Number of protein chains: 2
Amino acid sequence: MAGLCCNRAMSTNPPSPAKRHYLQADTLIRSTGARLTRPRVEVLAALLAAEQALSHHELEERIDRSVDIDRVTIYRVLDWLTAQGLAHRIAGDDRVRRFNAAGHAHEGAHAHFQCERCGTVLCLDEFSADPVVRLPRGFRPQHYELTVKGLCAGCGPSRRADTRTPAHRH
Amino acid sequence: MAGLCCNRAMSTNPPSPAKRHYLQADTLIRSTGARLTRPRVEVLAALLAAEQALSHHELEERIDRSVDIDRVTIYRVLDWLTAQGLAHRIAGDDRVRRFNAAGHAHEGAHAHFQCERCGTVLCLDEFSADPVVRLPRGFRPQHYELTVKGLCAGCGPSRRADTRTPAHRH
DNA sequence: GCCTAATTGCAACTGAATTGCATTAATGGC
DNA sequence: GCCATTAATGCAATTCAGTTGCAATTAGGC
Ligand SMILES: [Mn+2]
Ligand SMILES: [Mn+2]
Ligand SMILES: [Zn+2]
Ligand SMILES: [Zn+2]
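Values in this document were obtained by computation on a predicted structure and should not be read as measured data. (Residues numbered from 1 in each chain as written. Chains lettered and ligands numbered in written order. Predicted model: local features only at pLDDT ≥ 70, side-chain atom pairs only at ≥ 80, totals over all residues. Heavy atoms only, no water.)

Note that predicted coordinates carrying low pLDDT should not be read in detail. All names here are of chain A. Averaged over every residue, the pLDDT of chain A is 84; residues scoring 70 or more account for 77%. Contacts from residues 1–11, a stretch scored under 50 in pLDDT, to residues over four places away or in other chains number 20 contacts. Here residues 160–170 scores under 50 on pLDDT; set against residues more than four positions off or in separate chains, the count is 22 contacts. (pLDDT = per-residue confidence, 0-100. Contact = heavy atoms within 4.5 Å.)

This structure, assessed with the given rule, holds 2 aromatic pairs over all chains. When the ring of Phe113(A) is compared with that of Phe139(B), the centres are 5.0 Å apart and the planes differ by 70 degrees; the resulting orientation is edge-to-face. In this pair, Phe113(A) sits in strand β6 (residues 109–115) while Phe139(B) sits in the loop between β7 (121–123) and β8 (140–151), so the two residues belong to two different chains. A single burial state applies to Phe113(A) and to Phe139(B), both of which are buried. Here the guanidinium or amino end of Arg40(A) rests over the ring plane of Trp80(A), the centre of that ring lying 3.9 Å away. (Phe/Tyr/Trp six-rings, centres within 6.5 Å; stacked < 30°, edge-to-face > 60°. Helix = DSSP H or I, 4+ residues; strand = E, 2+ residues; numbered from the N terminus. Buried < 20%, exposed > 50% of the residue type's maximum accessible area, 1.4 Å probe, protein only. Lys NZ or Arg CZ within 6 Å of the ring centre and 35° of its normal.)

In this section: the interface of chain B and chain A. Of the residues lining the interface, 38 residues belong to chain B; the matching set on chain A comes to 38 residues. Buried surface at the junction of chain B and chain A, summed over both partners, amounts to about 3400 Å²; 58% is from carbon and sulfur atoms. Of all residues in chain B, the largest losses of buried area upon contact with chain A belong to Arg95(B), Phe139(B) and Arg140(B), amounting jointly to 18% of the total for that side. Here chain B and chain A share 2 salt bridges between them. Here Glu145(B) makes a salt bridge to Lys149(A), at a shortest N to O gap of 3.4 Å. Linking chain B to chain A there are 15 residue pairs in polar contact (both at pLDDT 80 or more). Looking at the side of chain B that touches chain A, the elements that each hand over two or more residues are β4 (87–91), β6 (109–115) and β8 of chain B. Considering every element that reaches the side of chain B that touches chain A, the biggest residue donor is β8(B), with 12 residues. When grouped by side-chain class, the residues that make up the side of chain B that touches chain A number 20 nonpolar, 6 polar and 12 charged. In this structure, strand β8 (residues 140–151) of chain A lies alongside β8(B), joined through 11 bridges in antiparallel fashion. Looking at the pairing, Thr147(A) lines up with Glu145(B) of β8(B). (Buried area = accessible area lost by both parts, 1.4 Å probe. Salt bridge = Lys/Arg side-chain N within 4 Å of Asp/Glu carboxyl O. Polar contact = N/O pair within 3.5 Å; in protein donor to acceptor, adjacent residues only side chain to side chain. Nonpolar A, V, L, I, M, F, W, Y, C, P; charged D, E, K, R; others polar. Pairing = 2+ DSSP bridges.)

Let's shift gears to the coordination of the zinc ion (ligand 4). Residues and elements named next belong to chain B. Surrounding the zinc ion (ligand 4) are the protein donor atoms Cys-115 (SG), Cys-118 (SG), Cys-152 (SG) and Cys-155 (SG), which sit 2.2 to 2.4 Å from the metal. Sequence spacing among the residues donating to the zinc ion (ligand 4) works out to C-x2-C-x33-C-x2-C. Of the two residues, Cys-115 sits in strand β6 while Cys-155 sits in the segment after β8, which places them 40 residues apart along the sequence. Here Cys-115 matches Cys-155 in class, with each residue buried. (Donors = N, O, S within 2.8 Å, 3.2 Å for Na, K, Ca; no water.)

Take the packing of helix α1 (residues 17–30) of chain A against helix α2 (residues 38–49) of chain A next. All names here are of chain A. Packing of α1 against α2 brings their axes to within 8 Å, and their N-to-C directions diverge by 120 degrees. One way to sum up the angle between α1 and α2 is to call them oblique. In this structure, the crossing between α1 and α2 has a hand that is right-handed. Together, His-21, Tyr-22, Gln-24, Ala-25, Asp-26, Leu-28 and Ile-29 of α1 and Arg-40, Val-41, Glu-42, Leu-44, Ala-45, Leu-48 and Ala-49 of α2 make up the contact between the two elements. In terms of residue class, the contact of α1 with α2 is made up of 9 nonpolar, 2 polar and 3 charged. (Axes fitted to C-alpha atoms, helices over the stretch in contact; angles between N-to-C directions. Parallel < 35°, antiparallel > 145°, perpendicular 65-115°, else oblique. Left-handed = near helix turned anticlockwise from the far one by under 90°.)

Let us look at the side chain of Ser55(A). Within the secondary structure, Ser55(A) is located in strand β3 (residues 54–55). Look past the residues within four positions of Ser55(A) in its chain and what remains in contact with it is Val96(A), Arg97(A) and Arg98(A).

Here it is, written out as structure tokens:
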């Protein structure tokens, strides 16, 4: 069977929406020159498909159970993707790291939303103006990150307070 | 002996620079209406005296060894100070939480510097303009935080790379 | 197909922070 | 000043995200 990649059959037909992110992941990983492996493809495809930043746990949930990738491998793949610039990492107030596929330019300045209730993180990308802040002598700024904190749609004040716990993840 | 407070003698003379933060801590803690305890005073005084945000470890180092406050108590005092609005918490990329005395107004917008090498966190406070970012429907912004990431004076490129490790703290 | 270095899996470990519960001590009333 | 009340602390055990060491596997070049 020709067109095999990481044990997944590659069709020459237009990719279904579900498969598009796998093809995109393949391409991005190949572009680094490093090895194309199943865990890398699965993790990156999951990030590409996600509409929000994903934690390690959320990735474990979303990756096809039939694949059964080790937790440590997921951590290592995430580190690798971040080092390659294919993903970026957001440190949450809950001490959990969440990851986004870095499809768009993230140099200089970048913005995220963080829900203070459930921890949801969204990439906003609508932030440009190099902010003017005065740093002490010898300090070198490299990137600027704007974090908007508040309540996400699922945690807003219109919802009954006790129907959602801080442990809730969307 | 009159004028005792938490086992520390209170002088009526102008306070020495070293004692000023203790007096200020006393006042701030009393203003909450809760109990004035030695751990609360020690932790808040250390935060008030610090020129940068302090981690739990850094607080343990700075608190008078003769006092010997339990680690858990420090964690609980920090939570309490934060809940009272007397301190605020910054989540670092290294998954360590650092704390600032919240002397100045922190409502709405706030800025920090984070050294990507050693983790040092500085409160900048020079950030006001409510930034314009578009949020998805139903998302409610509450605070804005600008994080400037880069290298601190101690970690700058002029320093030999191997003289400072990421574990180093200022 | 074979070789080899890169990658993965597994188990043990780390380090920050939290929890449960018994003990201590700050404060208000006497 | 003393006592009672109950908030706060101390201590041990635990949780939880993430890391490390090392042996086993495998992607990709030949
Ligand atoms: Mn982002
Ligand atoms: Mn601050
Ligand atoms: Zn939420
Ligand atoms: Zn530094």
